[in-house]
Amino acid sequence: KPRAGFLGHARLAARERGEPGVSRELSHLDDQGRARMVDVGAKAVTQRICVARGSVRMDAETLERIASGGSEKGDVLATARLAGIQAAKRTSDWIPLCHPLPLDSVDVELTPDPHARRVRIEARTTAHARTGVEMEALTAVAAAALTVYDMCKGVDRSMTLEAIHLVSKRGGKSGV
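In this report, the structure presented in the accompanying data block is examined.

Calculation criteria
- Residues numbered from 1 in each chain as written.
- Predicted model: local features only at pLDDT ≥ 70, side-chain atom pairs only at ≥ 80, totals over all residues.
- Heavy atoms only, no water.
- Helix = DSSP H or I, 4+ residues; strand = E, 2+ residues; numbered from the N terminus.
- Contact = heavy atoms within 4.5 Å.
- Expected span 1.5 Å × (residues − 1).
- Buried < 20%, exposed > 50% of the residue type's maximum accessible area, 1.4 Å probe, protein only.
- Arc of directions from axis to C-beta.
- Pairing = 2+ DSSP bridges.
- Axes fitted to C-alpha atoms, helices over the stretch in contact; angles between N-to-C directions.

### Considering the side chain of Asp 113
Here's step 1: Counting through the fold element by element, Asp 113 comes out in strand β2 (residues 103–113).
Here's step 2: Dropping the residues within four chain positions of it, Asp 113 is found in contact with Leu 63, Arg 118 and Arg 120.

### Brief notes about helix α4 (residues 76–89)
An α-helical segment advances 3.6 residues per turn. Residues three or four places apart therefore align on the same side.
Here's step 1: Compared with an ideal rise of 1.5 Å per residue, which puts 14 residues at 20 Å, α4 spans 20 Å between its outermost C-alpha atoms and is within 8% of the ideal.
Here's step 2: Restricting attention to buried positions, one finds in α4 the residues Val 76, Leu 77, Ala 80, Gly 84, Ala 87 and Ala 88. What you see down the axis of α4 is that its buried residues fit within an arc of 100°, all on one side. Exposed and oriented more than 90 degrees from the buried face of α4 are Leu 82 and Lys 89.

### Section: the sheet that holds β2
Here's step 1: Across the sheet, which stays open at both edges, the four strands sit in the order β2-β3-β1-β4 with antiparallel pairing between neighbours. Edge strands, defined here as strands with exactly one partner in the open sheet, are β2 and β4 (160–170). Each strand of the sheet is rotated relative to its neighbour by a mean of 15°, with strand direction disregarded.
Here's step 2: By the bridge criterion, eight bridges tie strand β1 (residues 46–57) to β4 in an arrangement that is antiparallel. When the sheet's bridge partners are listed, Arg 57 is paired in β4 with Thr 160.
Here's step 3: Most of the contacts of α4 go to β2, to which it runs at about 150°, and overall it touches β2 and β3 (118–129).

Structure, rendered in structure tokens:
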């Protein structure tokens, strides 16, 4: 039986109740429990839209450097935005069982939040495809966060990547 920490308490509870649209099986495992790439050939091509978020918490001085463009390595936010976009485009290279998708768009926004001492990151991915783009949105957020960390680690080793999560997904058989 899967652990709640692995699937998340709400999803695990929904699976155990047998709610529609929530599989009781892990789709990336075959009958013998071996990893496999899911066959999406029979699925309809629909517009898929996903939004993911996360953040990087840091010292106030580090955030001020980022916001003012005072980083010695260059424009942290612009570089992280490009890293997120590039990562979304290459998600299937990062995630072994992820389908390569022809993305229609990737939008990555990074917003300094001085009150919480963090950079908030949001990625929105869209595609007309047979499978969703949630992994692309999550990968974009992760890569943008890692880039912020990489560019600022020389001045702030206390940074933490936080709360990378899927906010919404739309399209396909499960709808919204």
